[in-house]
Every structure is written in structure tokens, then in C-alpha cells.
Amino acid sequence: MFSIPKLLVFFLIILLVWYGFKFIERQNHLSKDRKKKPKRESAGDSSKFQKDEVEDLVKCPKCGNYFSSGSSCTICMSE
Ligand SMILES: [Zn+2]
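Since the structure is predicted, the reported quantities are computational estimates derived from the model, not experimental observations. (Residues numbered from 1 in each chain as written. Predicted model: local features only at pLDDT ≥ 70, side-chain atom pairs only at ≥ 80, totals over all residues. Heavy atoms only, no water.)

In this section: the overall build of the protein chain. Secondary structure assignment for the protein chain yields three helices and two strands. Taken from the N to the C terminus, the helices and strands of the protein chain come in the order α-α-β-β-α. Here the protein chain displays about 7,600 Å² of accessible surface, and carbon together with sulfur accounts for 64% of that area. (Helix = DSSP H or I, 4+ residues; strand = E, 2+ residues; numbered from the N terminus. Areas by Shrake-Rupley, 256 points an atom, 1.4 Å probe, with all protein chains shown as cover.)

Listed as protein donors to the zinc ion are C60 (SG), C63 (SG), C73 (SG) and C76 (SG); their distances from the metal cover 2.3 Å. Coordination at the zinc ion is tetrahedral: its four donor atoms span angles of 100 to 115° at the metal. Considered as a linear motif, the donors of the zinc ion on their single chain read C-x2-C-x9-C-x2-C. You can call C60 buried: its relative accessible area is 6%. (Donors = N, O, S within 2.8 Å, 3.2 Å for Na, K, Ca; no water. Tetrahedral: all angles 85-135°; square planar, octahedral: opposite > 155°, others 65-115°. Buried < 20%, exposed > 50% of the residue type's maximum accessible area, 1.4 Å probe, protein only.)

In this section: the side chain of N65. Tracing the backbone shows N65 in the loop between β1 (57-59) and β2 (66-68). Look past the residues within four positions of N65 in its chain and what remains in contact with it is V58, K59, C60, C73, T74 and I75. (Contact = heavy atoms within 4.5 Å.)

In this model, the protein chain carries a mean pLDDT of 79, and residues with pLDDT of at least 70 account for 70%. Confidence, read as mean pLDDT per element, is least for helix α2 (residues 46-55) in the protein chain (54) and greatest for β1 (86). (pLDDT = per-residue confidence, 0-100.)

Before going further, it helps to examine a nonpolar patch on the surface. Judged by side-chain polarity, F11, L12, L15, W18, Y19 and F21 come together as a nonpolar surface patch covering roughly 680 Å² of accessible area. Relative to the helices and strands, L15 is located in helix α1 (residues 4-43). (Patch = residues over 30% accessible without salt bridge, like charges linked within 9 Å, V, L, I, M, F, W, Y side chains within 5 Å. Salt bridge = Lys/Arg side-chain N within 4 Å of Asp/Glu carboxyl O.)

Attention now goes to the environment of C63. When you line up the elements, C63 lands in the loop between β1 and β2. Residue C63 is classed as partly exposed on the basis of its relative accessible area, which comes to 37%. In this structure, the C-alpha to C-alpha distance between C63 and I75, residues twelve residues apart in sequence, is 7.7 Å.

Here it is as C-alpha cells:
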């Protein structure tokens, strides 16, 4: 039989392992971002352009194609 104190300890251990894992994962992401950043900065305005392009994508209600909101659907236009 599990007693409540044992369950609490078990739960705490799971939480500690979970947060430990998350912390390590976040550290890995941070170190990766630090490595990537110099490359992005050297690329200049291209990173901004890519970001805008992703944010402005709109799904075409007719064919499901994704296109930038500034223009119309390339597939429906060609037909
Ligand atoms: Zn379309």
C-alpha cells in the first residue's frame, strides 16, 4: 500500500527530474542560440524578411495553398 507521504516524496522526485530535464534542455537551446546568433547578424536584413514572410502567410480558402497576405494565391491566379 502507498501511504500519502511516500506518494508526496515520489511526486517530488518526479518534479525534480522533470525540472532538471527542462533546465538542461533550456541550457542546450541557449547555447545553440548563442552559436546561431552571429550567423544571423551577419546575414543582415534577410532574417527580418524571413520572419515577416512566415508571419504574413495566409491559407487560400479555395485550394489550401499558403501565400503571403500582400499578394493573391499563386495557384488560383494561374488557373
Ligand atoms: Zn488558391
